[in-house]
Amino acid sequence: MTGQTPRAPVVISPFANERIREWPIAHYRHFVDRVRHDHDAPVVIVGTRPQLARANDLVRGFPATQVVNTCGRLSWRELTALVDDADYVVANNSGIAHLAAERGRWTLCLFSGSHSWVEWMPRGPRVIVISRLTGCSPCAAGGAMCANQLACMADLDPDTAFELFSNARAGRDIGSGE
Amino acid sequence: LVTARQITQNSIPAGLAAAMPISAPPEPASAWLDLLSDEDRRLILFLLSHSALEPALRSPCVVDVRLPEAAERAAPLLPDTISIEIDGSQLGAAHATLDRLDGEQNCMLLRNIIQCLPDYRTFIGHAFDKLAIGGFLIVTVPHQFLYERKLQMPSRYEQAHLRFYTPGTLLAEIEEAIDPCRYRIRLLADHDSGFDYGASLLAVPAGGHEIVLCLEKIAPPPWREEMEQDERQSASYTLPSPFLPAYQAEAEANPYQVIVPENPNIERVIVLKLDHRGDFMMATPAYRIIRQAFSRASIALVCGSWNRADAEALGLFDRVISFDFFPEDASAGPPRLSPEELHNAFANLVAGEQFDLAVDLRLYEDTRELLKRIDAPHRAGFDPYDLFPFLTIPLNLLVPTRDGRAEQGLMLCADFHTQVGVHHGFAMIFPERTEHSEKQFLVHGPYTRLKPGHYDFEVLLEPLAEEFELYCDLAANAARQILAAGVIRVTRDRFPRITLRSPEPLERFEVRLLTRAAGPLPPFRFLGVRYRHYGFFVGVHQRESMALLAHLVALRLQHPYTVARA
């Protein structure tokens, strides 16, 4: 990344207002690794000040020059500008996904089975939503309860998500229609 | 560029080493201090003045990591030192140098170096990894408001400085680099001994001008692994329910659902509005919305032949197709053709045509099947009861007339229970004039679900001798919720009435009859409970419903998507 035109960052928002909507941090770490190696792009983690410590868990061990933790440091306006500059945005079913979709950025939304994507998925011209069709979804569990160890998110494999997103974004076939 | 140039065990004069025994707190040996620069001497004296650092500095061997420029100017900070010189930004070499240390170091000193490293995070983490449990990491950096005395980069003095530091920003980098459960902070201090606060901004700072941070490495606590899951919102999902099957075991059976953007071009639209003249007119706002949303598309309208002239006169459609699904005058009799014949006739009408979008604007379901006969990727229509899975844009609005309708009915006495009376055909008989205690249960049931709303109940009681009084209440949720209670009179001329308004659905609703007082109860019979559920008038007008569907179609197809399974 040195000596060349800097690549547009990949913005990752790994949090949501409900933990049940969050992809595990370990999956995000793996995804960040794929971004670094396959897309050779800097990664910016965004979130609020209270989410800083969990974001530190995510960035720890990654080079500070390539993976930046901005939790609690950006105003909404700065965040919007960052999203506008992003190559793409990765988020759970959360506000940043809606922001990115609304701003027309390529958006990968890792969608928890707790909610119906029909009702809540981000909408925009470049949105790709991936969810795992567990038999218990949607459960409307909201803030707390999951009897199945959050299987809808835990089983949403980061490599598969990365490949599906990359292929869908490139217009390649990704599977059969419903 | 920076390279790790040297790892050397400094040769320490034997006499001097003896003057700094490692078994006791180090004391500044004047001979050694004489070898140090003024800056380093101030720093070591500052460090030694903090008892919190005593265990660190007492370590048998301190690894002193610093920039080569600093190494050229002065001796290592302590006599028993491994000195590592890391040069600038060639991080790979710096890491390779650290790799040569084993992971059992007692004390590492990162002296005014991380401000020059682009990737402070992995370097700090790597240095920390080299410490033994109980080992110390001492980090010093130039203080933004002692050394630089500047609000913003770049540095006044060193182009190689990439960041300014305050205690807060230094600590933030440490927390990024090292798991806070793996260390305890023993010291975080501003080193300003001898600093001349009276000097001007242009003068090179004299005296201490650094931040000193000392961490002690601790073993990870046993709860560290659990911590990730132990937050309030996640606590429950870490514990599988013993009562439910684990979906995790079925992971392979759970496909991925991927929603991807689709070509937004809508060029050929077909709209169905097959009902009567009034229905056709009420759809006018919806026609206009569709025309506006797909202004460049070719729009065909299919309507009853009686509406054709009006449709053409609107000027909103590129083509008007007549199809008489209903008779023009519904009061004159049923349609001539069966639904199946009508569907086939419509299929022939649209055969060979392709559309991008098909919309059925009729609120009731009877025309919805026609959409299946149209070759279009997007099919929109009302579907309040989820009956038409082939719709890609369903709208599930309430139908006010149907969903708000009034109801009346009978809760049969067969669905009630008694321990006193006798079920006999359609009635429950209490034939004997028997003694009862006060508030003794006579009848209870039927434990049914009630929709929200306004109810009138008539308790169908008939005296078989003289008139008398009973106690009655209405309850729900296994009698946890008492909705109404009072005394009712069992008379010949009218049934007792009770009114109930419930804003929410009621589960296990029951009517209970009890004796009012102890004593003999006259004979009577119970026939059940008659109820009336009043209708309600809420929802949206037909005209508004169709406009909402048109808006929904426009909004959905602004960013159309398809759903795939992978």
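Computed from a prediction, not measured in an experiment: that's the story for all the values here.

**Examining the pattern of salt bridges**
Residue and element names in this part refer to chain B. Counted by the stated rule, this structure contains 43 salt bridges over all chains. We note a salt bridge from Asp38 to Arg41, for which the minimum N-O separation is 3.0 Å. Residue Asp38 and its partner Arg41 are both found in helix H3 (residues 38-48); the two are separated by three residues, about one turn of the helix. Classification of Arg41 as partly exposed rests on a relative accessible area of 24%. Between Glu369 and Arg373 there is a salt bridge; the shortest N-O distance is 3.6 Å.

**Thoughts on the sheet that holds strand S14 (residues 393-395) of chain B**
Backbone-to-backbone hydrogen bonds join strands into a sheet, with any given pair of strands oriented parallel or antiparallel. All names here are of chain B. One open sheet accounts for six strands, arranged S11-S10-S9-S12-S13-S14; its pairing is parallel. Looking at which strands have only one partner, the edges of the open sheet turn out to be strand S11 (319-322) and S14. If you compare each strand with its neighbour and ignore which way they point, the axes differ by 15° on average. Note: strand S12 (residues 357-360) against strand S13 (residues 378-382), three bridges, orientation parallel. Note that in S13 the partner of Val359 across the bridge is Ala380.

**Here we look at the sheet that holds strand S21 (residues 468-476) of chain B**
Residue and element names in this part refer to chain B. Strands sit in the order S19-S24-S21-S22 across an open sheet of four strands; the sheet is antiparallel. The open sheet has two edge strands, strand S19 (441-450) and strand S22 (481-490), and neither has a second partner. Adjacent strand axes in the sheet meet at a mean angle of 15° when their direction is disregarded. Relative to strand S24 (residues 506-515), S21 runs antiparallel, the two sharing six bridges. When the sheet's bridge partners are listed, Leu470 is paired in S24 with Thr515.

**Quick notes on the confidence of the model for chain B**
Residues and elements named next belong to chain B. When pLDDT is averaged along chain B, the result is 87, and 89% of the positions lie at 70 or above. Considering only residues more than four positions removed or in separate chains, one finds that residues 233-238, a stretch of pLDDT under 50, has 19 contacts. Across the whole predicted complex the pTM is 0.78, and at the interface the ipTM reaches 0.88.

**Description of helix H4 (residues 95-102) of chain A**
Residues and elements named next belong to chain A. Residues of H4 that are buried: Ile96, Ala97, Leu99, Ala100 and Ala101. Residues of H4 that are buried in the fold lie against strand S1 (10-13), helix H3 (76-85), strand S4 (88-92), strand S5 (106-111) and strand S6 (127-132). Looking one or two places after H4, you find Gly104, whose phi comes out positive at around 80°.

**Considering helix H7 (residues 158-169) of chain A**
The end-to-end C-alpha distance of H7(A), which contains twelve residues, comes to 16 Å, matching closely the 16 Å that a straight helix rising 1.5 Å per residue would cover. A:Pro158, A:Ala161, A:Phe162, A:Leu164, A:Phe165, A:Ser166 and A:Ala168 are the residues of H7(A) that are buried. Residues of H7(A) that are buried in the fold lie against helix H1 (25-39), S4, S5 and S6 of chain A together with strand S8 (256-261) of chain B. Regarding H7(A), its N-cap is A:Asp157, as a side-chain oxygen of that residue lies 3.3 Å from the backbone nitrogen of A:Asp159 further along. Downstream of H7(A) by one or two residues, A:Gly171 has phi in the positive range, about 80°.

About the thresholds
Residues numbered from 1 in each chain as written. Chains lettered and ligands numbered in written order. Predicted model: local features only at pLDDT ≥ 70, side-chain atom pairs only at ≥ 80, totals over all residues. Heavy atoms only, no water. Salt bridge = Lys/Arg side-chain N within 4 Å of Asp/Glu carboxyl O. Helix = DSSP H or I, 4+ residues; strand = E, 2+ residues; numbered from the N terminus. Buried < 20%, exposed > 50% of the residue type's maximum accessible area, 1.4 Å probe, protein only. Pairing = 2+ DSSP bridges. Axes fitted to C-alpha atoms, helices over the stretch in contact; angles between N-to-C directions. pLDDT = per-residue confidence, 0-100. Contact = heavy atoms within 4.5 Å. Expected span 1.5 Å × (residues − 1). Polar contact = N/O pair within 3.5 Å; in protein donor to acceptor, adjacent residues only side chain to side chain.

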